[in-house]
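# Reading the structure
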Amino acid sequence: MNKNLIIGMAGAGGDGVVSAGDSLITALAIDGYHALLTKSFGPQIRGGESSMKIRVSTSPVRSIGEYLDVAIALNWEDFLKFGAELPITEKTIVIYDSNTGIAPENIPVKGKPFKVLSIPIEEMAVNTAKTNRAKNTVVLGLISGWFGIAEDGIITGIRNKFTKKGPEVLKGNEDAFYEGVKYAKENPISDKDITISKPPAGAKGKLLTDGNDICAAAAIFSGCEFFGGYPITPSSEIMQLLNREIWKYGGSMIQMEDEIAGVASVIGASFAGKKALTATSGPGMSLKSEIFGLATMAELPMVIVNVQRGGPSTGIPTKSEQADLFQAAFSAHGDVVRPILAPVDVHDMFSTTVEAFNIAEYYQTPVIILSDQELSQRKEVIDEIDVSAFKIINRQLPTEAEMENYERFKFTENHISPVSHPGMLHGNYLAAGIEHSESGAPTSSGELHAKMIEKRTRKLDPLKKRSDLFSTFGPSDAELCMISWGTVAGVAMEARDLAEAEGIKVKLLVPKLLFPVAESVYMDYFKSVKKGLVIEQNVLGQLYHIIRMFVNVPDGLKSFAKAGSNPFGEHEILKKIKEL
Amino acid sequence: MNKNLIIGMAGAGGDGVVSAGDSLITALAIDGYHALLTKSFGPQIRGGESSMKIRVSTSPVRSIGEYLDVAIALNWEDFLKFGAELPITEKTIVIYDSNTGIAPENIPVKGKPFKVLSIPIEEMAVNTAKTNRAKNTVVLGLISGWFGIAEDGIITGIRNKFTKKGPEVLKGNEDAFYEGVKYAKENPISDKDITISKPPAGAKGKLLTDGNDICAAAAIFSGCEFFGGYPITPSSEIMQLLNREIWKYGGSMIQMEDEIAGVASVIGASFAGKKALTATSGPGMSLKSEIFGLATMAELPMVIVNVQRGGPSTGIPTKSEQADLFQAAFSAHGDVVRPILAPVDVHDMFSTTVEAFNIAEYYQTPVIILSDQELSQRKEVIDEIDVSAFKIINRQLPTEAEMENYERFKFTENHISPVSHPGMLHGNYLAAGIEHSESGAPTSSGELHAKMIEKRTRKLDPLKKRSDLFSTFGPSDAELCMISWGTVAGVAMEARDLAEAEGIKVKLLVPKLLFPVAESVYMDYFKSVKKGLVIEQNVLGQLYHIIRMFVNVPDGLKSFAKAGSNPFGEHEILKKIKEL
Amino acid sequence: MSTATAQFVPKDFKSDLKPIWCPGCGDFGVLTALYRALAEIGKPPHELAFVSGIGCSSRIPGYATSYGFNAVHGRALPISLGVKTANPDLTVIVASGDGDGFSIGGGHIPHIIRKNPDITFLVMDNFIYGLTKGQVSPTSRKGLKTVSTTYGSMEEAVNPLLYTLSYGAKFVAQGTPGDMKGLTKILEEAIRFPGFSFVNIQSPCVTYGEERDMIKGQKEVMVNLEELNHDPSDKFKAIEIAHQYGDKLHTGIFYKDPNPGPSYTDLLKELQNELKPKAVAKDKILEMFRPRLK
Amino acid sequence: MSTATAQFVPKDFKSDLKPIWCPGCGDFGVLTALYRALAEIGKPPHELAFVSGIGCSSRIPGYATSYGFNAVHGRALPISLGVKTANPDLTVIVASGDGDGFSIGGGHIPHIIRKNPDITFLVMDNFIYGLTKGQVSPTSRKGLKTVSTTYGSMEEAVNPLLYTLSYGAKFVAQGTPGDMKGLTKILEEAIRFPGFSFVNIQSPCVTYGEERDMIKGQKEVMVNLEELNHDPSDKFKAIEIAHQYGDKLHTGIFYKDPNPGPSYTDLLKELQNELKPKAVAKDKILEMFRPRLK
Ligand SMILES: Cc1ncc(C[n+]2csc(CCOP(=O)(O)OP(=O)(O)O)c2C)c(N)n1
Ligand SMILES: Cc1ncc(C[n+]2csc(CCOP(=O)(O)OP(=O)(O)O)c2C)c(N)n1
Ligand code: SF4
Ligand code: SF4
Ligand SMILES: [Mg+2]
Ligand SMILES: [Mg+2]
């Protein structure tokens, strides 16, 4: 019995590779498995090659995993285009369509897979459903048959999907599926235990979503009533879900003419008293940065999601990277401190988004969420979230007493001034990007300027004590350590488990709060540390260097950084740990 | 005999305070003095209070100086508005207009100045020139008379200026000036040696300009043939000088519709093969950052001048600050390394600009010059510059051999690929912000992406060895150190001289290259160091923290950072050094 | 929120900040006319949001007792859209200049006009960049010599009246502080108009402007649209007259849609009301991710 | 630089990159028409600079053998102006989409038109955001349901023909790959026009577009301007016809200034020639800072 299974599949446009993945993960979710699905496409908008990689497990899954247990090639040309994303090892069972005309010993794969099976996939599809478009249905049958998973779910899915296309199509697809199942049963893979454990009883009740959709839902949950933005891959789905839902909650969503207008409308809505969100990717972040500075200066809350993709410039829009941290921290001109949060997986995106709104509203500041392409678009089966555990924070409005001679930017002990908004009687004030006095009057006084910058930066100091925004794994007295963030942190967790299993004592710190740098959290963490790695998917080692700015790091702490579009693997990290 | 004299003066709009400063420094320049003039205004566009501060010396002047030797108040209300910019001490001679009706012992000044003189300035003006608009002329007479400077120059200036206004006005102003001179001669300041040494023989032949104008001239000298930009205080004069001059050299200047269009036109001109420049201030920098990323990605040279003003956001447009370093280094999304240079004074702006074009063209990269409001607008008498000493570098074009099967982004040993431009036969290629192969074809390959980022970042490594872009002052084995940049470095130089005069052994490092961080230069410098200060006019200690990212700094190295609009003084720095 | 009409006088809208404009600047008159129009309309200052960009003209919100947002250069329009959408009960006014509005901010105009929110857009058009000391502006006439066009500008001027009419604006007018009564009335009508309204105000820059654009010069080319018997519901005529922008100074209402229809925020509200019943409780929002077999 | 007309055939302008558009995308036809027009004009590829933003349509420069610059979203026009100004001898063409050109890039259009450089601006107008998978675009019709307007768009469409005419463009045309011969001719004339020329090309997005905008749907509303006997020097008539954008598909030249006058780069060159004699040698440039008493 296996606890864990990683399947990868690729084919041409129209082969339905991705929709097979979707059907499979849905069925798995209903059965109570944990699972994670990533998809990958060629550069074409439509009709290009596509691939999917799915990981099934009976316990929570923290990354898509490195090597394939099962590789499925509907044709080799397209399969090979995905290179490092679908790695085959000597443990992999390779399945491919016999219609490729290639003998199992001649398949264009480096090394020797565990097993290579040439299967008449297309033939079965045509024989049953009378169309090669049912190849994916046959493959689902094969998977279900061999690995003993999700048969009920998949067939229900097929029925729901094809009923409207008439009884003939429906029957054809049912047949195609069962033909696959039958083939698998008749040709068992006997030389390897390929079955997968059943999910624990009561494991049902899971949710299935991706990073963008859950972010949008979390925004509504947090009380967000305005979204202004502009489409950009891979963030657009956040806007699109809000477009479907936010109206129901009395909110609104506007697709503006560009990113600057998008964030401008957001600061307007925030000024008017509403929680407001924008979402974008790197190029949009660059354009929006002037208004981020305005939000800091005018002390107006807003949340910005940056779904990072390959950069710089247009870069590689469809691939993941973590190279926008420097920009998130330092992009607007002038002395600005702007909180940055990063979720590690789809589940975590919910709490990260709620936290972002809470910090934004409480501290009256823009907050950036650094998501990434993988997180935003990978489908994850997640445990249910007890939303009642979350506290929603709203900005502090002036009391009636404070409204007498109201001063919008009043110096207070915690540097936070109660904030009114248009419509509130006696709260009238001038918000401005110009330096100002407590009452909001423009000033060029150096003295006031110094005090105001201090107010705006110091008010965020309590964040640096938020150790709850950091997760640690492993023995706290380990001399070896890792630090990692975002989706790469999931891989690091797996690598740590592997290391532990090999008897290597190593700990891992995963910051959700990337900026301001929580100096004391790192200092505590480093106490036992002699050597370690800061692991991130960028070339410059951005988090590594940002930590160094504020904390004296152990001499043996190194940056382990890699360009986007090159996924990290848990074995790769393990190897690097061993080399330390 | 004094070597050094600092005069400050303030008055209402229409009092001609600033024009008096201009006349004075011009006359001083012609006489061969060194001098430096700063001006300051109220928030009004016209008619508001204004002040000027001038420092005269027989040796090079490196900062405007801290305390006034002479303070001149045409009225007290306006004088006081300039607070810390015009500091009076117990050594200051205070001169003010008796028409204020205040007795010398009642002037609204803290402490006791060396001497307080109530002088009928307005009265003298009206008696001679029949108008109180000649008050500034009377003051020039007083200064000339007391301090024995610039009499010929000033009177020539008056003649040139007023001749066209008719003999009566001319005569009136001449009389006003001589009335001032006469008053000074008749009322000598006998209890203090207030005369100033004559400039050394042969000291003539100086130039008089400010940071913006010399930057524009240096751009033309460097071969810049295109400027695209958008007006913004305090950078507009760069654009304006180029508008007057660049056409003469076959170049062009376009005031575009906004900053994005400005820098877009610049990258277009660069793509077309021309050296190109844009200039702006903080808000414009924020808007331009997307195109900076494009320039890095497409490996197109350009020079950007950021004349820093108070920030964040609109901030304090008319005051100096050094808070845009973080932004300069880290503003575009993705893994980007972009060289940053900072001039320390007006003279240095020339070589900095030439260097910026050379680096941009040689390395095919955007280069940012971080100037600041003070530097851009202060007038400085500078020694002549031997321009023949400068080498002008042009981008490397492909040879005929390289043009066969030309690959624009070819991997080479030094990571620099010869670059063609439209119009060159066989050089045709696709420039793009999308990641690309050596030939320029779009790609989403992780492998190529990693190699290309390496190419784009590594090519700049040689810059980190450019120790010639750093100046050091003082004993190289000092345990105490300072690091400072931009105009603040001038104050640090003066502070170091004061310290040395007091027997304190301290050295100073002034980086002209701020980024990438020249690790070895700092490591060498720190070898002897136990304690020190990184002195800069921002709150976050931006250079201090950027150095920490890449270099292990001595434990005793601290940040001495102060918000903009609060000028540093040499005695203030000296005090801080002593406290280390 | 109360929207009851109270009794107000102009100075109820005047803040404590003293304008720092040059003596004689046209913007003083615009400000006064605005105080008067607002008093006439009678909405209390705290229900008024006054948004601007950066420029001499953009300082106006600081001089009013309403809520003000003196934002960044060129972005007043999209900011105002966020304000109005977030709280449609507010009266939202935007102040801008020919540079702020038509140069850096010009790209936002067609898009806000085609949405048609109930916002009033006032541009103090002085044919020059005032705050930055006299550079050429998009409305500067071709050939104008300024600090940034030493040898004369080489581009045609934009035509704000024609552009906004072409964009489909439902209310387009022009005024000048040279005719305070007319300007006050225009402002009042513009603010009352239930949709997007644009008023171009030829407000002289006495420091950097051309002589012909000073109040005195204006008087020579000023034509009152009412005296012309112009029918403000005649859009084609409005467009024809708009072509004379820059030569003649037509004051009054060029175009006012007699059937303005619902504004953008009206439409949004309608949609919200329609969809409200479909909302699941916020603490059940994750139910949308309950896996369903398709 | 040689500008001698050589003999070229369309495939001389076809690069090795294989287009990654969806099968059936209208942009294939536009590309073919462009190759043909360029061959007809006969300027060698290396004297051609082809600038674009980001979008499906903006990929075009990669498919041509000219120099290409596939830049960032929305900035192709100001980039092209820099290219043309830096080297006026180049033929400069801009490719854009309705999103790239009229949404994020829309603010640049009036300003480049009023300068009137000799640049050709081609917009592949498919009424949708193709590359980002089907969001509403500024030319999408009011009410259109897309992934970003689930309940229908609530704003009027922009009218690119009307806008550019109002901005004073001297050459405005419209074509479609549904009429390849007409499109080729229009492109040729546009590129030859000695000033700024704008061609709106209704190029169907077969993946996200509406049925009515596919070639088949176009044919039902297509009207050839020549067949209408439209006189391309009649600007008022052009404006009148332009109002039908979105309902009818008029192909051909809406307006072509019969007396186009000097272009922007002509004016710049003139100024350079006039001022050249005043240049001091570059190594004497600092002489301008020699102090002079005024
Ligand atoms: C992003 C940005 N760019 C440029 C500026 C500088 N700037 C301030 S106001 C202004 C133009 C002012 O002209 P206009 O809008 O006509 O207003 P006026 O002062 O004439 O009333 C400019 C360019 C700025 N503050 N921010
Ligand atoms: C600054 C920036 N914002 C957004 C995007 C995402 N984006 C790419 S193309 C595009 C719009 C494409 O629409 P259009 O210009 O009509 O071109 P089409 O694909 O329809 O040909 C968008 C929003 C981007 N690349 N850069
Ligand atoms: S510069 Fe012009 S616009 Fe600005 S305040 Fe002065 S007169 Fe008014
Ligand atoms: S998505 Fe539309 S515009 Fe893009 S390639 Fe496909 S059909 Fe063409
Ligand atoms: Mg103006
Ligand atoms: Mg489109």
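Since the structure is predicted, the reported quantities are computational estimates derived from the model, not experimental observations.

Taken together, 22 residues lie near ligand 2, and Glu259 of chain A together with Cys56, Ser57, Asp98 and Asp100 of chain D sit nearest. This site is not confined to one chain, since residues near ligand 2 come from chains A, B and D. For ligand 2, an oxygen atom lies 2.6 Å from a polar atom in the side chain of Asp98 of chain D. A distance of 2.9 Å is found between an oxygen atom of ligand 2 and a backbone nitrogen or oxygen belonging to Gly99 of chain D. Contributing elements (two or more residues each) for the shell around ligand 2: helix H10 (282-298) of chain A together with helix H3 (98-104) and strand E5 (128-129) of chain D. Grouping the amino acids of the shell around ligand 2 by side-chain chemistry returns 10 nonpolar, 8 polar and 4 charged.

Another point: the site of ligand 1. Lining the immediate environment of ligand 1, one finds 22 residues, of which Glu259 of chain B together with Cys56, Ser57, Asp98 and Asp100 of chain C sit closest. Ligand 1 sits at a junction of chains, with neighbouring residues supplied by chains A, B and C. A distance of 2.9 Å separates an oxygen atom of ligand 1 from a polar atom in the backbone of Gly130 of chain C. About the coverage of ligand 1: the protein hides 99% of its 590 Å² of free accessible area. Counting residues per element, the ones that place at least two in the shell around ligand 1 are helix H10 (282-298) of chain B together with helix H3 (98-104) and strand E5 (128-129) of chain C. Residue contributions to the shell around ligand 1 peak at 3 residues, all from H3 of chain C. Here the shell around ligand 1 is composed, by residue class, of 10 nonpolar, 8 polar and 4 charged.

What follows concerns the relation of the copies chain B and chain A. Once chain B has been moved 0.0 Å along the axis and rotated by 180 degrees, it coincides with chain A to within an RMSD of 0.1 Å. Between the two chains, the operation in question is that of a two-fold axis. Taking C-alpha positions as the reference, the residue of chain B nearest the rotation axis is Ser331 of chain B, at 2.1 Å. Of the interface residues in chain B, 100% have counterparts in chain A that sit at the interface too, so the contact is made through matching surfaces.

With that out of the way, let us pick up the interface of chain D and chain A. Each partner contributes to the interface: chain D provides 30 residues, whereas chain A provides 24 residues. Taking both sides of the interface into account, the surface hidden between chain D and chain A amounts to around 1,900 Å²; carbon and sulfur atoms contribute 54%. When the area that chain D buries against chain A is broken down by residue, the three leading residues are Ile20, Ile104 and Tyr151 of chain D, summing to 23%. If you look at where chain D meets chain A, you find 0 salt bridges. Of all the secondary structure elements, the ones that give two or more residues to the side of chain D that touches chain A are H3 and strand E6 (135-136) of chain D. Broken down by element, the side of chain D that touches chain A gets its largest block of residues, 3 residues, from H3 of chain D. Within the side of chain D that touches chain A, the residues separate by chemical class into 16 nonpolar, 10 polar and 4 charged.

Next up on the list: the interface of chain B and chain A. Contact residues are listed per partner, giving 59 residues for chain B and 59 residues for chain A. Of the roughly 4,800 Å² buried between chain B and chain A on both sides combined, carbon and sulfur atoms contribute 60%. For the interface between chain B and chain A, the tally reads 0 salt bridges. Counting every contact that joins chain B to chain A gives 39 residue pairs in polar contact (both at pLDDT 80 or more). When residues of the side of chain B that touches chain A are traced back to their parent elements, those giving at least two are H10, strand E12 (316-320), helix H11 (325-330), helix H15 (446-458) and helix H18 (542-550) of chain B. Ranked by residues supplied to the side of chain B that touches chain A, first place goes to H10 of chain B with 9 residues.

What follows deals with the environment of Glu259 of chain A. On the secondary structure map, Glu259 of chain A appears in helix H9 (residues 259-271). In sequence terms Glu259 of chain A and Gly284 of chain A are 25 residues apart; their C-alpha atoms lie 5.6 Å from each other. Apart from residues no more than four positions distant in its own chain, Glu259 of chain A is found in contact with Tyr230, Pro231, Ile232, Thr280, Gly284, Leu287 and Lys288 of chain A together with Ile104 of chain D.

A few words on helix H1 (residues 17-31) of chain A. Here H1 of chain A is 15 residues long and its end C-alpha atoms lie 21 Å apart, about the 21 Å a rise of 1.5 Å per residue gives. For H1 of chain A, the complete set of buried residues consists of Val17, Val18, Ala20, Gly21, Asp22, Leu24, Ile25, Thr26, Ala27, Leu28 and Ala29 of chain A.

The subject of this paragraph is the pattern of salt bridges. All names here are of chain B. Scanning the model with the defined rule gives 95 salt bridges over all chains in all. Across the pair Lys135 and Asp15 runs a salt bridge, and its minimum N-O distance is 3.3 Å. Within this pair, whereas Lys135 is found in helix H4 (residues 135-147), its partner Asp15 is found in the loop between strand E1 (4-11) and helix H1 (17-31), the two being separated by 120 residues in sequence. For the pair formed by Lys135 and Asp15, the shared burial category is buried. Note that Lys530 and Glu479 form a salt bridge whose closest N and O atoms lie 3.6 Å from each other. Of this pair, Lys530 sits in the loop between helix H17 (519-526) and strand E21 (531-536) while Glu479 sits in the loop between strand E17 (470-473) and strand E18 (480-484), placing them 51 residues apart in sequence.

Once that is clear, we can look at the sheet that holds strand E2 (residues 34-41) of chain B. Residues and elements named next belong to chain B. The 8 strands are arranged E6-E5-E4-E1-E3-E2-E15-E7 in an open sheet whose pairing can be described as mixed. The outermost strands of the open sheet, each flanked by one partner alone, are strand E6 (115-119) and strand E7 (207-210). Shown here is a sheet whose adjacent strand axes are inclined to one another by a mean of 15 degrees, direction ignored. This element, helix H3 (residues 121-129), spans strand E5 (93-97) and E6 of the sheet and lies at about 50 degrees to E5.

Cut-offs applied
Residues numbered from 1 in each chain as written. Chains lettered and ligands numbered in written order. Predicted model: local features only at pLDDT ≥ 70, side-chain atom pairs only at ≥ 80, totals over all residues. Heavy atoms only, no water. Near = heavy atom within 4 Å. Polar contact = N/O pair within 3.5 Å; in protein donor to acceptor, adjacent residues only side chain to side chain. Helix = DSSP H or I, 4+ residues; strand = E, 2+ residues; numbered from the N terminus. Nonpolar A, V, L, I, M, F, W, Y, C, P; charged D, E, K, R; others polar. Areas by Shrake-Rupley, 256 points an atom, 1.4 Å probe, with all protein chains shown as cover. Least-squares fit on C-alpha atoms with pLDDT ≥ 70 in both. Contact = heavy atoms within 4.5 Å. Buried area = accessible area lost by both parts, 1.4 Å probe. Salt bridge = Lys/Arg side-chain N within 4 Å of Asp/Glu carboxyl O. Expected span 1.5 Å × (residues − 1). Buried < 20%, exposed > 50% of the residue type's maximum accessible area, 1.4 Å probe, protein only. Pairing = 2+ DSSP bridges. Axes fitted to C-alpha atoms, helices over the stretch in contact; angles between N-to-C directions.

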